[in-house]
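# Breakdown of the fold
As a plain string of letters, each chain reads:
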Amino acid sequence: MFWGDDIIDDFLKEYDDEAKKRQLILRDEKTMSGKPHVGSLRSYIMHAVLADVLTDRGIDNIFHYELNDTDAFDSVPSYVPDEWTEHLGKRLKDVPAPDGKSANYAEQFGKEYSDILKDSKFNAKYYYVSSKYESGEFDEYIKLALDHKDEIREIYRTVSGSEKNDRWYPCQVVCDKCGKIATTQITGWDGNEVEYSCSAEMGDAKGCGHEGKKSPFGGNATMPWKVEWAAKFCVMKVDLEGAGKDHYAAGGSRHVSNRICTEIFKHKHPFDVRHEFILLGGAKMSSSSGVGCTAVDLYELLPRYLFRFMMIQKDVMKTINFDPEGDTVPVLFDQYDEVCRGYFEGSEDVKDHKNRIFELTHFHEKKDLKKLNRFLPRFNHISFFVQMPHLDVSARVGEMKGSALTKADKEEMDLRVEHAEKWLGDFSPERYEFTVHEEVPEAAASLNAEQKKFLGELAAVLEEKDWKGEELHGKIHELKEASGLPPKEVFGSLYVSLLGKDSGPQAGWFLEALDKKFLVKRFKEISNG
């Protein structure tokens, strides 16, 4: 069974009656501390897919996605000028935008991020959390947190082992003098206003020393993450909200937030869902550090359907390891092609969950899935074709299909050409890059007598006629069998002669793309050398 259906089945065991009465609410969020990294996409898309599964079952729902702009600006990413250190400790909404155009820091990166999410055609309603604070929607929960600070301290201690002293308050206010929030500490609460001092340190952010008294309501304050998370469950009336598996570890933040939600705020906590991470070349990433491939980078590298497919096909409790400089991109295309062909050809070995993956990959196009039954040239072939300057890609793809290309075929071919060129230009590993040497490569001197003989025989075969890639590939295999050489030595001699390395694209189609006279001359030169 597809992972999304499995989760929703469990969810509806608890919420089926509610689903018959009202709209169900899903929620997720991302702090706009910088350019969101690839890993941030896992949670967003998990929730978006679960919303689509509910919609597909005829269950009314809405997915709220928060762009958090009230967390403290705690570090300056590598792509932001060093002068921004003066704003450390302020709320992200109070930090100026580096681009000099956006309303503030959070909105600059929030728009950049939400633009690609909207373009991906997942359904979500976006909001900045500051609007909820300023409208007073958090006031009730700020008051409850301040009134019950000792009970919250005890929840922290019993669940996570975190010890808070009896002077700790689960709230921070904005300093009226310097505008920072991370450096303030509440020293008293009378039920209406808090007394505070701006004297703490947070990394490189230092308090200004101001002391004051003010209301914590109407956008003047925020709460620590675990308390605030519980308040968000209540403010947004959330039914389902998941998080990364680390939040669910023993003593993790979700366990603390769930307790605060039910015991302090007297609200049922949302249905829990866990997910694994997206790794970049095997490593986790950080938005605020500026390290790693960003979500925007990934989205622009892949066609929309492949972006959706990559995020949907893997069970949420399995890690996605995305390595743009490795085989990830060509392998993803192959995996999608297999699922697409299975969907339309109806082969018996295609599992139901693969068809479900295809339908949810194209959920925004579900009214007209038939148009997606187009010819899918292998991305590996396209990435090779675009490196051959005199090759007619359209003609080659037509030959691969064996019939005239339709409008949909041509659109798909053009899309793959566009993304192959981008991948080759920015990320592809060396083994996918092919440059034919104008002169005999130095590496060809290492070929043995049997390999040189093979090249001479191949030159003679090429002179016989103008070969098509597939039949030439078959002829090369015949020569290989007759030579008695291991495949690695046969194909290695061919690639070394032309590319100066012992690997390359599929031999028949590779040679077909090159000038026959050039090939014959090169192979004879090496064979007779």
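The structure presented is a predicted model; accordingly, all values stated were derived computationally and were not measured.

## Examining the overall build of the protein chain
Scanning the protein chain from terminus to terminus reveals 20 helices and 14 strands. Based on the C-alpha atoms only, the size of the protein chain along its principal axes is roughly 95 × 55 × 40 Å. The proportion of buried residues among the 529 residues of the protein chain is 52%. For the protein chain, the proportion of contacts with a sequence separation of at least 24, taken over those separated by at least 6, is 69%. On the protein chain, roughly 23,700 Å² of surface is accessible, and the fraction owed to carbon and sulfur atoms is 46%.

## Some thoughts on the confidence of the model for the protein chain
Model confidence for the protein chain is summarised by a mean pLDDT of 93, while 97% of its residues fall at 70 or above. Taken as a whole, residues 285-291 scores under 50 in pLDDT and shows 29 contacts with residues more than four places along the chain or in a different chain.

## Concerning the layout of surface pockets
In this structure, the second largest pocket occupies an estimated 420 Å³ of space. Together, 18 residues line the second largest pocket, and Y305, E365, R374, E412 and L415 are the ones closest to its centre. Put simply, the parts of the chain that give the lining of the second largest pocket at least two residues each are α10 (304-313) and α15 (407-426). Top contributing element to the lining of the second largest pocket by residue count: α15, with six residues. Class assignment for the residues of the lining of the second largest pocket results in seven nonpolar, three polar and eight charged.

## Some details on unusual backbone geometry
Backbone geometry at K121 places phi at a positive 70°, although glycine is not the residue there. With respect to the helices and strands, K121 occurs in the loop between α3 (105-119) and β3 (125-128). For K121, a relative accessible area of 38% gives the class partly exposed. At K237, a residue that is not glycine, the phi angle is positive and equals roughly 55°. As for its placement among the helices and strands, K237 is situated in the loop between α7 (225-235) and β11 (243-244). The exposure class assigned to K237 is exposed, which follows from its relative accessible area of 56%.

## Focus: a negative patch on the surface
A surface patch of negative charge is lined by E411, D414, E418 and E421. Mapping E411 onto the fold places it in helix α15.

## A short note on the pattern of salt bridges
Between side chains of opposite charge, a pair can form as their charged atoms come close. According to the stated counting rule, one finds 48 salt bridges in the structure shown. Ionic pairing is found between D9 and R57, a salt bridge with its closest N-O pair at 2.8 Å. A residue pair is termed long-range when its members are at least 10 positions apart, and D9 in helix α1 (residues 3-21) and R57 in the loop between α2 (41-56) and β2 (61-68) qualify at 48 residues. Given the relative accessible area of 34%, R57 is considered partly exposed. R259 is paired through a salt bridge with E263; the nearest N and O atoms lie 2.3 Å apart. Placement of both R259 and E263 in helix α8 (residues 253-263) is noted, with a separation of four residues, approximately one turn of the helix. R259 gets classed as partly exposed once you look at its relative accessible area, which sits at 30%. Each of R27, E29, E66, E228, K232 and E241 takes part in salt bridges that share partners, so that together they form one network.

## A few points about the nonpolar core
Counting 120 residues, the largest nonpolar core has Y113, L302, L494, L511 and F523 as its most contacted members. Sorting elements by how many residues they give to this core places α2 first, with ten residues. For F523, the contacting residues outside a window of four places in its chain are L455, L458, A459, L462, L494, S497, L498 and L511. Residues W189, C198, M223 and A231 belong to the second largest nonpolar core, which totals 40 residues.

## Re the sheet that holds β3
Spatially, the three strands line up as an open sheet ordered β1-β2-β3, and their pairing is parallel. The open sheet has two edge strands, β1 (24-31) and β3, and neither has a second partner. Pairs of neighbouring strands in the sheet enclose a mean axial angle of 25°, with direction left out of account. Against the sheet, α3 touches β1, β2 and β3, its axis set at about 175° to β3.

The rules behind the values
Position numbers for residues start from 1 in each chain and track the written sequence from start to end. Residues qualify for local features only when their pLDDT is at least 70, as the model is predicted, and side-chain atom pairs are given and counted only at 80 or more; totals for whole chains, interfaces and linings, by contrast, use all residues. By convention in this description, side-chain values take in all heavy atoms of the structure and omit both hydrogens and water. Here a strand is any run of E in DSSP of at least two residues, a helix any run of H or I of at least four, and the numbering for each starts at the N terminus. Burial classification: accessible surface area is computed with a 1.4 Å probe over protein chains only, and a residue below 20% of its type maximum counts as buried, one above 50% as exposed, and the rest as partly exposed. What makes two residues a contact is simply this: any of their non-hydrogen atoms within 4.5 Å. Computed with a 1.4 Å probe, the accessible areas rest on the Shrake-Rupley method; for each residue, only the protein chains presented here act as cover. pLDDT gives the predictor's per-residue confidence on a scale running from 0 to 100. Two kinds of site are reported from a 1 Å grid over the protein atoms alone, namely cavities, where a 1.4 Å probe fits but cannot get out, and pockets, open sets with protein on both sides within 12 Å along at least five of seven lines, and residues are called lining when an atom falls within 4 Å of a point. Grid points are joined across faces, edges and corners, and a volume is the space filled by probe spheres set on the points. Throughout this entry, Asp, Glu, Lys and Arg are counted as charged residues, while Ala, Val, Leu, Ile, Met, Phe, Trp, Tyr, Cys and Pro are counted as nonpolar. The remaining residues, Gly among them, count as polar. Grouping into patches uses exposed residues only, defined as over 30% relative accessible area, and leaves out salt-bridged ones; the cut-off is 9 Å for like charges and 5 Å for nonpolar side chains (Val, Leu, Ile, Met, Phe, Trp, Tyr). The term salt bridge refers to a pairing of a side-chain nitrogen on Lys or Arg with a carboxyl oxygen on Asp or Glu at a separation within 4 Å. As used throughout, the charge tally considers Lys and Arg to be positive and Asp and Glu to be negative, leaving His and the chain termini uncounted. Every charge is mapped onto a representative atom, which is NZ of Lys, CZ of Arg, CG of Asp or CD of Glu. Here, the term nonpolar core denotes a set of buried Ala, Val, Leu, Ile, Met, Phe, Trp, Tyr and Cys residues that are joined through side-chain atoms within 4.5 Å. If DSSP finds at least two bridges between two strands, the strands pair. What counts as an axis is a line fitted to C-alpha atoms, over the stretch in contact for a helix, and the angles between N-to-C directions run from 0 to 180 degrees.

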